[in-house]
Amino acid sequence: MTTTQPPTLRWEGGADGTLVLLDQTRLPGEAVELRCRTVEEVWQAIQRLAVRGAPAIGVAAAYGVVLAVRAGATNHTGLPRLHHRAEGAEANWRDDAFAACDYLATSRPTAVNLFWALERMRRAAQESAAGAVEQLKERLLAEARAIHEEDRQMCAAIGRHGADLLAALPAGAGVLTHCNAGALATGGDGTALAVIFELVRRGKRLHVWVDETRPLLQGARLTAWELSQRGIDCTLICDSMAAQVMRQGRVQAVITGADRIAANGDSANKIGTYGVAVLAKAHGVPFHIAAPTSTFDLSLADGAAIPIEERGRDEIVRLGDSRLAPPDVAVYNPAFDVTPAELIRAIVTERGVVSPVTAEAVRAATGQATG
Ligand code: MRU
């Protein structure tokens, strides 16, 4: 099972290099690279979902901080002016990195991996010698590369643990997924899709049911594309068809990614995931989440406190150039919902499987205190 899929994101060059993203707004029509040379360009790319998926957003933002620390860094969108300082006031380069972290944190609110990665970049800047700009840039690039590489490894480990968990699925089993938690959403092979890729690599014959994922169609545009690239058997359905295929007995397991998991295991993921979990429960189908430990936010006791991004009306009332609804209709467009822990059979992390999903099991798996 090989793929010629271009990398979701890569860094080109040394500390003065460029972040190159695969522009996901253009898929599956065309694989176009988007070159980001400023932190503002990275902010825009995250905000308009050119790069998306919780882990990939974190990796992109980390590289964005590297871009912010250079002479001539621009200032279009509210970032405090980066290179305006008195002659010889080099100690402020670190402040540029801190300002970039604050700025990138405003790009999207739900995926905690973004804040996790920015916290690591902030610490890396803090640990660098004040005034030594070349050293700071090298240190920031090394940290961004480490976040990227660790994500790649986390994806591989999630794939292995998830494949062990689902090894007993019968040949030809149906696995349903929602949104895109594949290579396009991470620095590696994905989370939920990494599990599917690993099962197939081990010789398991599967059929993947792909929810189209309204309104932005990450399932139809991205997951169906990734699975097709790898020659994995799949069928695309509208979100409203999941109940029907479950009732028909065609789905033996559900697996999705997550954007933020609270201390009790409540999990935020793409809008519609909660509905899929309720349907899975009603049909006796086990529902799983696959996510790295960087997706856990143990500062939140439960999912009620997870900030849910609301996006613009055009995502719902328009499709490309076509208008789908009356121009003045009221619109509500939450980008994520929260699946309660009791609907989740297991959470697969790079460290192993959390099941049953309880606060104690989450704490043990993540090795962090809830405070
Ligand atoms: O709005 P998106 O496309 O960034 O939403 C992505 C998801 O909801 C994914 O399922 C989640 O980030 C996990 S990706 C491994």
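Before reading on, note that the structure itself is shown above.
Residues numbered from 1 in each chain as written. Predicted model: local features only at pLDDT ≥ 70, side-chain atom pairs only at ≥ 80, totals over all residues. Heavy atoms only, no water.

**Section: helix 9 (residues 273-282)**
Burial in helix 9 covers these residues: Thr-273, Val-276, Ala-277 and Ala-280. Within helix 9, the buried residues cover an arc of 100° as seen down the axis, which keeps them to one side. Residues of helix 9 that are exposed and point more than 90 degrees away from the buried face comprise Lys-281 and Ala-282. One or two positions beyond helix 9, positive phi appears at Gly-284, with a value near 65°. (Buried < 20%, exposed > 50% of the residue type's maximum accessible area, 1.4 Å probe, protein only. Helix = DSSP H or I, 4+ residues; strand = E, 2+ residues; numbered from the N terminus. Arc of directions from axis to C-beta.)

**Focus: the packing of aromatic side chains**
Evaluated as defined, the whole model comprises 2 aromatic pairs. Ring geometry for Trp-11 and Tyr-63: centres 5.3 Å apart, planes at 15°, overall stacked. Note that Trp-11 is positioned in strand 1 (residues 9-12) and Tyr-63 in helix 2 (residues 54-68), a separation of 52 residues in sequence. The same class applies to Trp-11 as to Tyr-63, namely buried. (Phe/Tyr/Trp six-rings, centres within 6.5 Å; stacked < 30°, edge-to-face > 60°.)

**What to know about the sheet that holds strand 3 (residues 33-36)**
The strands making up a sheet associate through hydrogen bonds between their backbones, and the pairing can be parallel or antiparallel. Taken in spatial order, the 3 strands make up an open sheet running 1-2-3, and their pairing is antiparallel. Only two strands of the sheet have a single neighbouring strand rather than two, namely strand 1 and strand 3. Strand-to-strand twist in this sheet, taken as the mean axis angle between neighbours without regard to direction, amounts to 25°. Pairing of strand 2 (residues 18-22) with strand 3 involves 4 bridges; the strand directions are antiparallel. Its bridge partner lying in strand 3, Leu-22 is registered against Glu-33. Helix 2 contacts strand 1, strand 2 and strand 3 of the sheet and is inclined by roughly 20° relative to strand 1. (Pairing = 2+ DSSP bridges. Axes fitted to C-alpha atoms, helices over the stretch in contact; angles between N-to-C directions. Contact = heavy atoms within 4.5 Å.)

**Notes on the pattern of salt bridges**
The tally for this structure, following the rule as stated, stands at 24 salt bridges. The partner of Glu-12 in a salt bridge is Arg-35, and the shortest N-O contact between them spans 2.2 Å. In this pair, Glu-12 sits in strand 1 while Arg-35 sits in strand 3, placing the two residues 23 residues apart along the sequence. A single network of salt bridges, built from pairs that share partners, joins Asp-164, Asp-189, Glu-198, Arg-201, Arg-202 and Arg-230. (Salt bridge = Lys/Arg side-chain N within 4 Å of Asp/Glu carboxyl O.)

**Regarding the nonpolar core**
Grouped together as the largest cluster of nonpolar side chains are 46 residues, with contacts concentrated most on Leu-19, Leu-21, Val-65, Leu-104, Met-121 and Leu-140. Elements represented by at least two residues in this core include exactly strand 1, strand 2, helix 1 (39-47), helix 2, helix 3 (93-104), helix 4 (112-127) and helix 5 (133-165). Counting residues per element, this core draws most heavily on helix 2, at 12 residues. Every residue in contact with Val-65, bar those within four places of it in the chain, is listed here: Ala-97, Ala-100, Cys-101, Leu-104, Leu-118, Met-121 and Leu-140. (Core = buried A, V, L, I, M, F, W, Y, C linked by side-chain atoms within 4.5 Å.)

**Concerning unusual backbone geometry**
Glycine aside, the phi torsion of most residues is negative, and most peptide linkages are trans. Here the bond from Leu-27 into Pro-28 is cis, since omega is 5°, no more than 30 degrees from zero. Looking at where Pro-28 falls in the secondary structure, it is placed in the loop between strand 2 and strand 3. Residue Pro-215 is bonded to the preceding Arg-214 through a cis peptide linkage, with omega at 5°. Within the fold, Pro-215 resides in the loop between strand 5 (206-211) and helix 7 (218-229). Phi is positive for Leu-49, close to 70°, though the residue is something other than glycine. The topology assignment puts Leu-49 in the loop between helix 1 and helix 2. Overall, Leu-49 belongs to the buried group, its relative accessible area being 7%.

**Some points on the state of the cysteines**
In this structure the tally under the stated criterion is 0 disulfides. With no disulfide of its own, Cys-155 has Cys-179 as its nearest cysteine by sulfur position, at a separation of 15 Å. We note that Cys-238 lacks a disulfide partner, and the nearest cysteine sulfur, in Cys-234, lies 14 Å from it. (Disulfide = S-S within 2.5 Å.)

**Focus: the site of the ligand**
Taken together, the neighbourhood of the ligand is formed by 19 residues, with Arg-52, Ala-54, Arg-108, Asn-269 and Lys-270 sitting nearest. A distance of 2.8 Å is found between an oxygen atom of the ligand and a side-chain nitrogen or oxygen belonging to Arg-108. Between the ligand and Lys-270 there is a distance of 2.8 Å, counted from an oxygen atom to a side-chain nitrogen or oxygen. Relative to its unbound accessible surface of 410 Å², the ligand loses 100% to contact with the protein. (Near = heavy atom within 4 Å. Polar contact = N/O pair within 3.5 Å; in protein donor to acceptor, adjacent residues only side chain to side chain. Areas by Shrake-Rupley, 256 points an atom, 1.4 Å probe, with all protein chains shown as cover.)

**Here we look at the pairing of strand 10 (residues 287-290)**
Neither face of strand 10 is exposed, since Phe-287 and Ile-289 on one face and His-288 and Ala-290 on the opposite face are all buried. Pairing between strand 7 (residues 253-256) and strand 10: 3 bridges, direction parallel. If you follow Thr-256 over to strand 10, its bridge partner there is Ile-289. Of the strand pairs in this sheet, strand 10 and strand 15 (residues 346-349) are connected by 3 bridges, and their pairing is parallel. Among the inter-strand pairings, Ile-289 is bridged to a residue of strand 15, identified as Ile-347.

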